[in-house]
Every structure is written in structure tokens, then in C-alpha cells.
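# Structural features, examined
Residues per chain are reported as follows:
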Amino acid sequence: RMEYPGALYHVTSRGNGRQRIFTEDRDYERFLGQLADNLETYAVILYAYVLMPNHYHLLVRTPRANLARFMQRLNTSYALYYRWRHARPGHVLQGRYKAKMVEGDNYILRLTRYIHLNPIRTEAGRRLTPVERVGAMEEYRWSSYGGYGALKKREPFICYDGLKYCGTGTGAARAYRRYTRSMVNGDDEELRDQLKDAWAIGGEEYVSHVHAKLRSKRRGQKRDVDLPAD
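So, here is what we can say about the structure in this document. (Residues numbered from 1 in each chain as written. Predicted model: local features only at pLDDT ≥ 70, side-chain atom pairs only at ≥ 80, totals over all residues. Heavy atoms only, no water.)

## Re the sheet that holds strand β1 (residues 7-14)
One open sheet holds the five strands; their spatial order is β2-β3-β1-β4-β5, and the pairing between them is mixed. Whereas interior strands pair on both sides, the edge strands pair on one side only; in this sheet they are β2 (45-52) and β5 (200-201). Here β1 pairs with strand β4 (residues 98-102) via four bridges, running antiparallel. Among the inter-strand pairings, T12 is bridged to a residue of β4, identified as K98. In the packing of helix α2 (residues 67-86) onto the sheet, contacts are made with β1, β3 (55-62) and β4, and the angle to β3 comes to roughly 145 degrees. (Pairing = 2+ DSSP bridges. Helix = DSSP H or I, 4+ residues; strand = E, 2+ residues; numbered from the N terminus. Contact = heavy atoms within 4.5 Å. Axes fitted to C-alpha atoms, helices over the stretch in contact; angles between N-to-C directions.)

Next comes the structure, spelled out in C-alpha cells:
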């Protein structure tokens, strides 16, 4: 892993063998409670989340360069709960979580939209009409979308700074709803291509720097490779 103060990451974690990790409402609620506690304990900033039946997405910033400790505690505590609650032996989560470094704040808005669209990027969602997709996304309970779109009370453990790119006041929430709805029947092709990289999300120069830094770490070199400034 690459860690430094202020790093921004798109994090995903899946169920072992793609099995469910959330079976009932209590599971989703328990995870969100543990997430909020760990965000406070490790001073991690959360911009967006979505919990799907067999995986989850987070967009986080780590002022203390402590992503590994934060994620280890979060996943371990939830896995222990899930095994106890559902009498399920073995691994709950599949291997290590994935964390892609993100190039700067200009990607926050696009990534929150990508995360919030996940509930309708399913086989069932693809069978819906565009109007039905909007409804399914806005009614989905286990996502931070409602707070962004002023469809529910804002959650205290979410940082909504990404809305500043949509305007000010109540108009920002309306603009964000329009921004997200614009992709219910389409895709951000540029971002989709960038998401294919295993380690970083950003422009070519940024991704190349991240790869060079990772190669350097693997070889155990002392010389560091600076990431480009935001």
C-alpha cells in the first residue's frame, strides 16, 4: 500500500467467493455504526459510500496516512460480528480490500456519482426503465446519495465538500440530483476507463507516477518518487 498524509482513495471490499456480507437490515446498520466509529477513531474523512449485498465502496481521505490500520480494524470488526450473527464459519471478506489512489479533489464529484449509481448497475437495474432507475437509486437505503441529494437528513459522519462543485445552498442538492440522474442510462466513459487501472485513478501522468512509486517500493529502493501536486 502507498500511504501519505491527505491521500485520497477509492476503496472496495467484497464477500469471500462473492457471497453476501449483508443479509438483513441489522447487518447494514451494524456496518455503518462500526464505520462511523472507526472514522472518528482514525480521523479518516469519508466522502461517499454504498453498501451492496456482497460488497461495498468507500471514498476516503486519510490525513494521518493510516488507511491500512483503519481498514484492518473496520473489516475485522465487521467480519467478527457477521460470523457471530449468522453462525458462518470461515472468511467473510475476500482477501485484502482494494484501494486505488485518486488524483486530487477534482475527482471527488465524479467518484461520488459512480459510487451512488451502483445500486442500479446490477442485472436487475438494467431491466428497469430510466425513470424506474432514478426511483431505485433514490430509494436505496444503504448509500450516502440521500444526503447529497437532500432526499434524507445528512449523515454526521459524511463530508459533503464535493457539493461545492454543484453550487451553494439548496441549489447544490438539486444540481447534484441532475448530475447523477444524467448517468442513469449512460456512463462516464473516461472515468470507467480510468477505473480499470489496478492502483490509481487519474490522468496518465499521475497514474505513471503512482506505478513508478510502487515499483520503487517493491525493489526496496531508498529513493522516493514524488507524486505530482494536486
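## Section: the pairing of β2
In terms of residue burial, β2 counts as a mostly covered element, since seven of its eight residues are buried. As paired strands, β2 and β3 are joined by seven bridges and run antiparallel to one another. What sits directly across from M52, in β3, is H55. Between the end of β2 and the start of β3, which pair antiparallel, lie two residues. (Buried < 20%, exposed > 50% of the residue type's maximum accessible area, 1.4 Å probe, protein only.)

## Re the pairing of β4
With four of five residues buried, β4 lies mostly within the body of the structure. Alignment of β4 against β5, held across two bridges, turns out to be parallel. Note that in β5 the partner of V102 across the bridge is I201.

## What to know about the packing of helix α3 (residues 108-116) against helix α7 (residues 170-181)
The geometry of a pair of packed helices is captured by two quantities: the angle between their axes and the separation between those axes. Contact geometry for α3 and α7: axes closest at 10 Å, N-to-C directions at 65 degrees. Viewed along their axes, α3 and α7 form a crossing whose handedness is right-handed. Across the interface between the two elements, L109, R110, T112, R113 and H116 of α3 pack against Y176, Y179 and T180 of α7. A per-class count over the contact of α3 with α7 returns three nonpolar, three polar and two charged. (Left-handed = near helix turned anticlockwise from the far one by under 90°. Nonpolar A, V, L, I, M, F, W, Y, C, P; charged D, E, K, R; others polar.)

## What to know about the packing of helix α1 (residues 25-42) against α2
Contact geometry of α1 with α2 gives a least axis separation of 10 Å together with a crossing angle of 155 degrees. Classified by the angle between their axes, α1 and α2 sit roughly antiparallel to one another. Crossing hand, α1 versus α2: right-handed. Within the contact between the two elements, α1 uses R26, D27, R30, F31, Q34, L35, N38, L39 and Y42 and α2 uses R69, F70, R73, L74, S77, Y78, Y81, Y82, R85 and H86. (Parallel < 35°, antiparallel > 145°, perpendicular 65-115°, else oblique.)

## A short note on α1
At 3.6 residues per turn, the α-helix brings residues three or four places apart onto the same side. When the terminal C-alpha atoms of α1 are compared, their 26 Å separation across 18 residues agrees well with the 26 Å that a helix rising 1.5 Å per residue should span. Turning to α1, its buried residues number three or more, namely D27, Y28, F31, L32, Q34, L35, N38, L39 and Y42. Down the axis of α1, the buried side of the element spans an arc of 165 degrees, and every buried residue falls inside it. Tucked inside the fold, the buried residues of α1 contact β2, β3 and α2. A43 lies just past α1 and shows a positive phi near 55 degrees. (Expected span 1.5 Å × (residues − 1). Arc of directions from axis to C-beta.)

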